[in-house]
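# What the coordinates show
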Amino acid sequence: MKASKTELQKKYKDFQKLKLNLDLTRGKPSAEQLNLANSLMTNLSGAKSYKLNDVDIRNYGEIDGLPDAKKLGSAFLGIKPSNVIANGTSSLNLMAAMMQTLYFRGNGDLAWKERKKISILCPVPGFDRHFSLCEEMGINMISVPLTGDGPDMDLVEDIVKKDKSVRGIICVPKHSNPTGETYSQEVVRRLAKLPKLGSKDFMIFYDNAYAVHDFSKSKKLANIYKLCEQFKTTNNISLFASTSKVTMAGSGLAFIGGSDKTLKNFLSYFSKIIVGSDKVNQARHVKFLKDSTALKKHMEKLSVLIKPKFDIVESYLSKLPEGIAQWSMPTGGYFVSFTAKPGKASKIYKLCFEAGLKLTPVGATFPYGKDPDNQNLRLSPTQVKNSDLKKSMEIFTLAVLLSE
Ligand SMILES: Cc1ncc(COP(=O)(O)O)c(C=O)c1O
């Protein structure tokens, strides 16, 4: 039976009285997920030698990472180990360093700093930190819609052909943040060919943050680098990934991949801002994620914890009346993207906030923090306990109904 508005309002007021403090703002792993990687804390203790790949892991050096760490990175990026750099803990940090490289040194053409205007295509809704990074660097962001199979490539190609200020595109090709979509084979093929239509220094920032993060049977992502080899565009792509959502967020390993030329150019800049790489953490990770079988097994254990959270979200959303909203049903990654009726997102956000549920601010999933239709909300269900997630979803769906 459908609840009346008065009944919904009463339920809402009852939630407000509970003074809850619930949070679905960020895609963080839960404590249970992190516990599965706890052996990283001790797995080097008692070691007889602090050498790996014949390198003393305690010293400076190996800015591009230990061979075994590069090998691990190659499993994430789908590119051979010699074309991978393992350095630091954050792929976002490596993307920022890549952008700085282009800003100061260029990529086979004028440095960005010599140009009046640099524009980057941003598929939307997308990852807020990509947008804030571009904004910080003074890059003009051009939104292009995602279709469920990746960006609208007709529009992307059209803009790249016409707008000479466009120097790249930022993509999250698998279990995209927040839409959860995985790019189709055709989109990946057209992306690999895209630099042919654009500037000589066109750069595809290919952030494969959720490369191995399936929790259900997922669409396979085509190997873009192999396609770039076919189209001779390997100097126009940089690939990124990390183990932030695999082992420990903020204490994992981060990877960047690219052609010999791209990585050499990158290292010319990067070696000015760091002396070596953290090989102690690399050794810990290599020991923990020994090979692709160990990685797969670990991801399966994580999926047992993660999938029920997405099932909870779906079980609440599916009870909403038809036509009131749309939402993604991802098979991996960390987010559900909720599309309300135009103009409703801020109201839903406010109602949630005032009932003790924090959500990612409206607009965060768009360049400049502005959702042109005020309708997208991102839900991040992984970190909270299942009981809190249920309460959160009850408030969220109540807010959606009350926003009508
Ligand atoms: C698409 C995407 N890229 C990068 C990151 C951050 O990764 P890292 O911890 O490696 O900087 C995130 C985190 O949520 C993400 O969603």
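Look up a bit, the structure's there.
In this report, we go over the structure that sits alongside the text. (Residues numbered from 1 in each chain as written. Predicted model: local features only at pLDDT ≥ 70, side-chain atom pairs only at ≥ 80, totals over all residues. Heavy atoms only, no water.)

### Side note on the overall build of the protein
Secondary structure summary: the protein contains 13 helices and 14 strands in total. What you see for the protein is a C-alpha radius of gyration of 22 Å, in line with the 22 Å of a compact globule of 404 residues. Taken along the three principal axes of its C-alpha coordinates, the protein extends 70 × 60 × 35 Å. Among the 404 residues that make up the protein, the fraction classed as buried is 54%. Partitioning the intrachain contacts of the protein with sequence separation of at least 6 by distance along the chain shows that 75% fall at a separation of at least 24. For the protein, the accessible surface area stands at approximately 18,300 Å², while carbon and sulfur atoms represent 52% of it. Computing the positive centroid from 60 side-chain charges and the negative centroid from 39, the protein places the two 2 Å apart. (Helix = DSSP H or I, 4+ residues; strand = E, 2+ residues; numbered from the N terminus. Rg over C-alpha atoms; globule rule 2.2 N^0.38 Å. Buried < 20%, exposed > 50% of the residue type's maximum accessible area, 1.4 Å probe, protein only. Contact = heavy atoms within 4.5 Å. Areas by Shrake-Rupley, 256 points an atom, 1.4 Å probe, with all protein chains shown as cover. Lys, Arg positive; Asp, Glu negative; His and termini not counted. Charge placed at Lys NZ, Arg CZ, Asp CG, Glu CD.)

### Considerations on the sheet that holds strand 14 (residues 376-379)
Strand order in the open sheet formed by 3 strands is 11-12-14, and the pairing between neighbours is antiparallel. Two strands close off the open sheet at either side, each with one partner strand: strand 11 (325-327) and strand 14. Taking the axes of each pair of neighbouring strands and ignoring which way they run, one obtains an average angle of 20 degrees across the sheet. Bridge count between strand 12 (residues 336-340) and strand 14: 4 bridges; the pairing is antiparallel. The residue of strand 14 that forms the bridge with Phe338 is Leu377. Relative to the sheet, helix 11 (residues 292-317) contacts strand 11, strand 12 and strand 14, its axis offset from that of strand 12 by approximately 15 degrees. (Pairing = 2+ DSSP bridges. Axes fitted to C-alpha atoms, helices over the stretch in contact; angles between N-to-C directions.)

### What to know about the packing of aromatic side chains
Enumeration according to the criterion identifies 10 aromatic pairs in this entry. Consider the rings of Tyr103 and Phe104, whose centres lie 5.2 Å apart with planes at 85 degrees: the pair is edge-to-face. Among the residues examined, Tyr103 registers a relative accessible area of 33% and is labelled partly exposed. Under the relative-accessibility criterion, Phe104 is labelled partly exposed at 42%. Taken together through their ring pairs, the aromatic side chains of Tyr103, Phe104 and Tyr269 make up a single cluster. (Phe/Tyr/Trp six-rings, centres within 6.5 Å; stacked < 30°, edge-to-face > 60°.)

### Regarding the site of the ligand
In the vicinity of the ligand, the contacting residues are Ser90, Ser91, Leu92, Phe127, Val172, Asn177, Asp207, Ala209, Tyr210, Ser242, Ser244 and Lys245. Taken together, the residues of the shell around the ligand sort by class into 5 nonpolar, 5 polar and 2 charged. (Near = heavy atom within 4 Å. Nonpolar A, V, L, I, M, F, W, Y, C, P; charged D, E, K, R; others polar.)

### Quick look at unusual backbone geometry
Here the bond from Val124 into Pro125 is cis, since omega is -5 degrees, no more than 30 degrees from zero. Tracing the backbone through its elements, the reader meets Pro125 in the loop between strand 5 (119-124) and helix 5 (128-136). Following Asn177, the chain continues into Pro178 via a peptide bond in cis, with omega recorded as 5 degrees. By secondary structure assignment, the location of Pro178 is in the loop between strand 7 (166-171) and helix 7 (185-193). Look at Tyr368: it is not a glycine, yet its phi comes out positive at around 60 degrees. Within the secondary structure, Tyr368 sits in the loop between strand 13 (357-358) and strand 14.

### As for helix 10 (residues 279-288)
For helix 10, the buried fraction is high: 7 of the 10 residues fall into the buried class. For helix 10, the set of buried residues is Lys279, Asn281, Gln282, Ala283, His285, Val286 and Phe288. In this fold, the buried residues of helix 10 make contact with strand 2 (51-52), strand 3 (55-56), helix 3 (67-77), strand 4 (84-86) and helix 11. Between the side-chain oxygen at the start of helix 10 and the backbone nitrogen of Val280 there is a gap of 3.2 Å, and the oxygen is on Asp278. (Polar contact = N/O pair within 3.5 Å; in protein donor to acceptor, adjacent residues only side chain to side chain.)

### Brief notes about the side chain of Asn281
With respect to the helices and strands, Asn281 occurs in helix 10. Of the polar contacts made by the side chain of Asn281, one reaches the backbone oxygen of Gly252; its length is 2.9 Å. In contact with Asn281, not counting residues within four places along its chain, are Thr89, Ser251, Gly252 and Leu253.

### Topic: a positive patch on the surface
A contiguous patch of positive charge, built from Lys287, Lys290, Lys297 and Lys301, is present on the exposed surface. Structurally, Lys287 is set in helix 10. (Patch = residues over 30% accessible without salt bridge, like charges linked within 9 Å, V, L, I, M, F, W, Y side chains within 5 Å. Salt bridge = Lys/Arg side-chain N within 4 Å of Asp/Glu carboxyl O.)

None of this, on its own, says anything about what the molecule does.
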